[in-house]
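For reference, the chains in residue letters:
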Amino acid sequence: MRIAKSVKYRPRYEWAEGLRSRALAEFIGSDLDACLEAFRNHSAFYARRLTGVSRWQDIKPLDKEDFASLPVSTDGQTYDSRSSGTSGFQVTVRNSISERRFRQALAYRPFLFYTLDDIVRQVIFIDGIQVEDANKKQWPFKFGGRTYLTWRVGIAAPAEQILSLLQTVRPHVIRGLSSGIVRFIDEVGTRLDGLGVQVVSPSGEHLTPAWRVLMGEAFATPLLDRYGTTETGPIAWQCPFCGDYHANSDEIILEYSPEGLLATPLFIESQAMLRYRPGDRVVMHTQEHDCRIRLPKLTILQARRDDWIIDGLGRKVSPLSFQFEQVEGLRAWRIHQLKSGVLRLYFDSETSDSKLGLDVRRELASQLQAIVPGREYELVAGIWKLERGGKFKRVVSDIATG
Ligand SMILES: [Zn+2]
């Protein structure tokens, strides 16, 4: 018995049509009893976890700490990515290649409802400092009758370099990390409303109202946000018709709990998650709505949003510049910038006194100095010693950055 419904049962070229028609059809929730049984038969891990459980509501949620013990079963190659997540704990997310592709299709679902040309040029703001060349070789992505051409820019790249690419490419869509797009707008100091951008579609961070206004006004175009987590994939998207967030509830069972959202993705079998609690606070709407998109609605109350850090020259450093996930032996980290400017990096490593522990310290110190030059720093073992910020912040600053 399989958990996944959509991902394997139809040819890939039908994904877009399936996702479109199910968004427009009256929403029918999943059969929770059948789903519980599917998990029971999935692996010894879930058989054990579900011993004595007969009702969905009685299933113990999975927390981030449990994530590392999830069994991974795939027939072939897996695609791994690391998440730093809301609690500061890192997890490794493993999807099969076909699950990975389906996640991508789900991420493109909202674009099925935007008014765009058949050939869409998009620029994506990602981690890093590289800006791709306007003449780069393209690997066009075809989805829902459109062809997408993509350029990526690192959020820490010089603003003039990003601007030059935008002026050459004239993208229809701006996507990617909100804080990086905001930093670019702040630094570039020139009008962007003549570029012809038709949609700004950020993701990856909880938006403040101020960021929404800033991005929408800068490009003089609607801003339509997307919400998801590295572990579960795309969860919800802001609707071009009603402005609210519709949830991908046909692909992910989403439940409200006082301790945070519970998500059960139905398209991930290789690292199956049952009632996973990513740490975000979200309310599902219970009232009827009359939008033509029939998927249920939700409101995000609190999700990850980190502060900016200020380096020794007074420049803003995006909280997403830190890529400590790649440091071998590091389990979790948080940063606190004190009013004095000093950086305090809290960390948990697999072992603190061995050679690996020393290597972790050395690596953290060298990366921190490269990313935030000109600041003193302290390394402190134990992430929970930083009480401020709690679950929703990994990078906290006492220096106001507006
Ligand atoms: Zn809507």
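Here is what the cut-offs are and how they apply
- Here the residue index of a chain counts from 1 through its sequence in written order.
- Local features in this predicted model are restricted to residues of pLDDT 70 or higher, and side-chain atom pairs are both shown and tallied only at a pLDDT of 80 or more, whereas totals for entire chains, interfaces and linings draw on every residue.
- Counting from the N terminus, the helices are DSSP H or I runs at least four residues long and the strands are E runs at least two residues long.
- Every C-beta atom is placed from the backbone, and the number of other C-beta atoms within 10 Å of a residue's own sets its class: buried at 20 or more, exposed at 12 or fewer, partly exposed in between.
- Note on contacts: residues are paired as contacts if their backbone-placed C-beta atoms lie within 7 Å.
- Strand pairing follows a simple DSSP-based rule, namely that at least 2 bridges must link the two strands.
- Note on geometry: axes are C-alpha line fits, over the in-contact stretch for helices, and angles between N-to-C directions span 0 to 180 degrees.

**Student:** What exactly am I supposed to notice about the overall build of the protein chain here?
**Tutor:** On a plain count of helices and strands, the protein chain comes out with 10 helices and 20 strands. Taken across its 402 residues, the protein chain has 39% of its residues classed as buried. Expressed as a percentage of contacts within the protein chain between residues at least 6 apart in sequence, the contacts between residues at least 24 apart total 67%.

**Student:** Where do I start with the environment of Asp290 in this structure?
**Tutor:** As for its placement among the helices and strands, Asp290 is situated in the loop between β13 (281-284) and β14 (297-302). Placed 48 residues apart in sequence, Asp290 and Cys242 show a C-alpha to C-alpha distance of 9.1 Å.

**Student:** Any chance you could explain unusual backbone geometry here in plain terms?
**Tutor:** Trans is the prevailing form of peptide bonds, just as negative phi is the prevailing case for residues other than glycine. Unlike most non-glycine residues, Ala220 shows phi in positive territory, near 50 degrees. Along the chain, Ala220 falls in the loop between α9 (209-219) and β8 (226-229). On the basis of neighbour counts, which here come to 14 C-beta atoms within 10 Å, the residue Ala220 falls in the partly exposed class. One non-glycine residue, Arg275, lies in the positive phi region at around 50 degrees. Structurally, Arg275 is set in the loop between β12 (262-265) and β13. Overall, Arg275 belongs to the partly exposed group, with 18 C-beta atoms counted inside 10 Å.

**Student:** Before we go on, may I ask you to explain the pairing of strand β3 (residues 119-126) in this structure?
**Tutor:** For a regular strand, the rule is simple: side chains alternate between the two faces of the sheet. With eight bridges connecting them, β3 and strand β5 (residues 146-154) associate as parallel partners. Paired with Val120 across the bridge in β5 is Tyr148. Pairing between β3 and strand β6 (residues 173-177): four bridges, direction parallel. Pairing of Gln122 across the sheet is with Val173, part of β6.

**Student:** Is there a simple way to think about the sheet that holds β13 in this case?
**Tutor:** The strands that make up a sheet are held in pairs by hydrogen bonds between backbone atoms, and each pair lies either parallel or antiparallel. The five strands lie next to each other as β8-β9-β10-β14-β13, forming an open sheet whose pairing is antiparallel. Each of the sheet's edge strands pairs with one partner strand only, and the pair in question is β8 and β13. When the angles between neighbouring strand axes are averaged without regard to direction, this sheet yields 35 degrees. Relative to strand β9 (residues 233-238), β8 runs antiparallel, the two sharing four bridges.

**Student:** Help me out: how do you make sense of the sheet that holds strand β17 (residues 330-337) in this one?
**Tutor:** In spatial order, the strands read β19-β18-β17-β20; together these four strands make up an open sheet with mixed pairing. Every other strand in the sheet has two partners, leaving β19 (377-381) and β20 (395-397) as the edge strands with one partner each. Within this sheet the neighbouring strands show an average axis-to-axis angle of 20 degrees, counted without direction. Bridge count between strand β18 (residues 343-349) and β19: five bridges; the pairing is parallel. Within the sheet, the bridge partner assigned to Leu343 lies in β19 and is Tyr377.

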